[in-house]
Amino acid sequence: MRERRSKHRCSQGTSPFQGSQDPPVTHIVLFSGGLSSFESARRVIERYGRFSVRLWFFDTLIEDEDLYRFLDDSEVALGVKIERFAEGRNPWQVFRDERYIGNTRTDLCSKILKRRFLKRLLAERYSDRSSVRLHFGLDRSEKSRIAALRPRWEEAGYKVSFPLTWKPLLNNNELRAVPAQFGVEIPRLYRFGFVHNNCGGACVKAGIKQWSLLLRCFPERYLWHENNELALRSHLRKDVTILRDRRNGGTRPLTLRELRVRLQGSGPVPHNACAVLSCHNVAALDGMYGV
Ligand code: SF4
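Presented here is a report on the structure given in the accompanying data block. In this text, all values refer to a predicted model and were calculated from it rather than measured experimentally.

## Regarding the site of the ligand
Surrounding the ligand, one finds 13 residues, the nearest of these being Cys-109, Ser-110, Asn-198, Cys-199 and Cys-203. Of the residues that constitute the shell around the ligand, the class distribution is 7 nonpolar, 4 polar and 2 charged. Taken domain by domain, the shell around the ligand gets at least three of its residues from each of domain 1 (26-186) and domain 2 (199-276).

Right, dumping it as structure tokens:
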């Protein structure tokens, strides 16, 4: 465990169930490793007390190294251990097994490595579904996602909440400032300009802009994904890709290799170009646990 260095410990709220092993409701925060999940966890702990709160993290095995530092620091600052789970495969292994490459329309990786795994864990650990409240890191700007997600979990018998919709509402800059108040440095991907801290910045739901940023900041990581895509295309014998090229009014598959060659055009993309970009819309892709 890292040395405790937070300026403030998270308020633990009032918990009438301290000392009891079975609080009436267990509050589970889906802790993705991003800024939204930090603030969601902080709010839930403040409201319900840390003894009834669980923080669950689902590892896709392609996370940025600094995410684990953020988890370590966050659990010290928040005073609640972050339980870490891994299905055992990374997204590319899922795509190969399912014979389908994830993309902006179909997040098979999230469905299998996070949502389906979450359901399984819940079923194993909580026979009484009404004793569980799930907390998701979506904010008010994501009303359609909330509207789609809430009824599905409620129909399955679970209570759901969205702590970032509780007052006070925070803008992105305010959200970004919260971890520092607890002595926790924000995940480095935000500093590099990424909009979330999932899958090492290589999300199949992100578009060309973010993959271009990945190439600038982590060229080796980009190449690893590029090679995985090429290998799976060859294995499937299909013209399928993560990205689509929508130039000239049409749409066609765009491989990561083609994008890299296009971006490098007159030479390699500068390795340190990422450092000058600023963070924006940090909550947009955080918390991908819709059913
Ligand atoms: S962050 Fe993106 S790539 Fe990673 S599991 Fe979620 S949808 Fe898939």
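Anyway, onward from the coordinates.
## Notes on the pairing of strand β2 (residues 53-59)
Moving residue by residue along a regular strand, the side chains alternate between the two faces of the sheet. Within β2, 6 of the 7 residues are buried, leaving the element largely enclosed by the surrounding structure. Taken together, the 4 bridges between strand β1 (residues 26-30) and β2 define a ladder with parallel strand orientation. Within the sheet, the bridge partner assigned to Leu-30 lies in β2 and is Trp-56. With helix α1 (residues 35-48) bridging β1 and its parallel neighbour β2, the resulting β-α-β unit is right-handed.

## A closer look at unusual backbone geometry
In terms of backbone geometry, most residues other than glycine have negative phi values and most peptide bonds are trans. Between Lys-167 and the following residue, Pro-168, the backbone shows a cis peptide bond with an omega angle of 0°. As for its position among the elements, Pro-168 is in the loop between β5 (159-161) and α6 (172-181). Of note in this structure, Leu-61 is not a glycine but carries a positive phi near 70°. What makes Leu-61 partly exposed here is the crowd of 15 C-beta atoms within 10 Å.

## Describing the nonpolar core
Membership of the largest hydrophobic core comes to 59 residues, with the highest contact counts inside it found for Val-29, Ala-41, Leu-55 and Leu-214. Both domains that furnish three or more residues to this core are identified here as domain 1 (26-186) and domain 2 (199-276).

## Focus: the pairing of strand β4 (residues 132-135)
Bridge analysis of β1 against β4 gives 4 bridges, and the strand direction is parallel. Bridging across to β4, Ile-28 finds its partner in Leu-134. Here β4 pairs with β5 via 3 bridges, running parallel. What sits directly across from Leu-134, in β5, is Val-160. Tracing the backbone out of β4, into helix α5 (residues 143-155) and back to the parallel element β5 gives a crossover that is right-handed.

## Comments concerning helix α8 (residues 208-217)
Owing to its 3.6 residues per turn, the α-helix brings residues three or four apart onto one side. Of all the positions in α8, only Trp-211, Leu-213, Leu-214, Leu-215, Arg-216 and Cys-217 are classed as buried. Residues of α8 that are buried sit in contact with α7 (188-192), α9 (219-236), β6 (243-245) and α10 (256-264).

## Concerning helix α3 (residues 91-98)
If you check which residues of α3 are buried, you get Pro-91, Trp-92, Val-94 and Phe-95. For α3, the buried positions fall inside an angular range of 155° around the axis, keeping them on one side. In the segment just after α3, Arg-99 is the residue with positive phi, at about 55°.

The rules behind each value
- Residues numbered from 1 in each chain as written.
- Predicted model: local features only at pLDDT ≥ 70, side-chain atom pairs only at ≥ 80, totals over all residues.
- Near = placed C-beta within 6 Å.
- Nonpolar A, V, L, I, M, F, W, Y, C, P; charged D, E, K, R; others polar.
- Domains from an automatic or database assignment.
- Buried ≥ 20, exposed ≤ 12 C-beta atoms within 10 Å, placed from the backbone.
- Helix = DSSP H or I, 4+ residues; strand = E, 2+ residues; numbered from the N terminus.
- Pairing = 2+ DSSP bridges.
- Right-handed = clockwise from strand over helix to strand, strands pointing away.
- Core = buried A, V, L, I, M, F, W, Y, C linked by C-beta atoms within 7 Å.
- Contact = placed C-beta atoms within 7 Å.
- Arc of directions from axis to C-beta.

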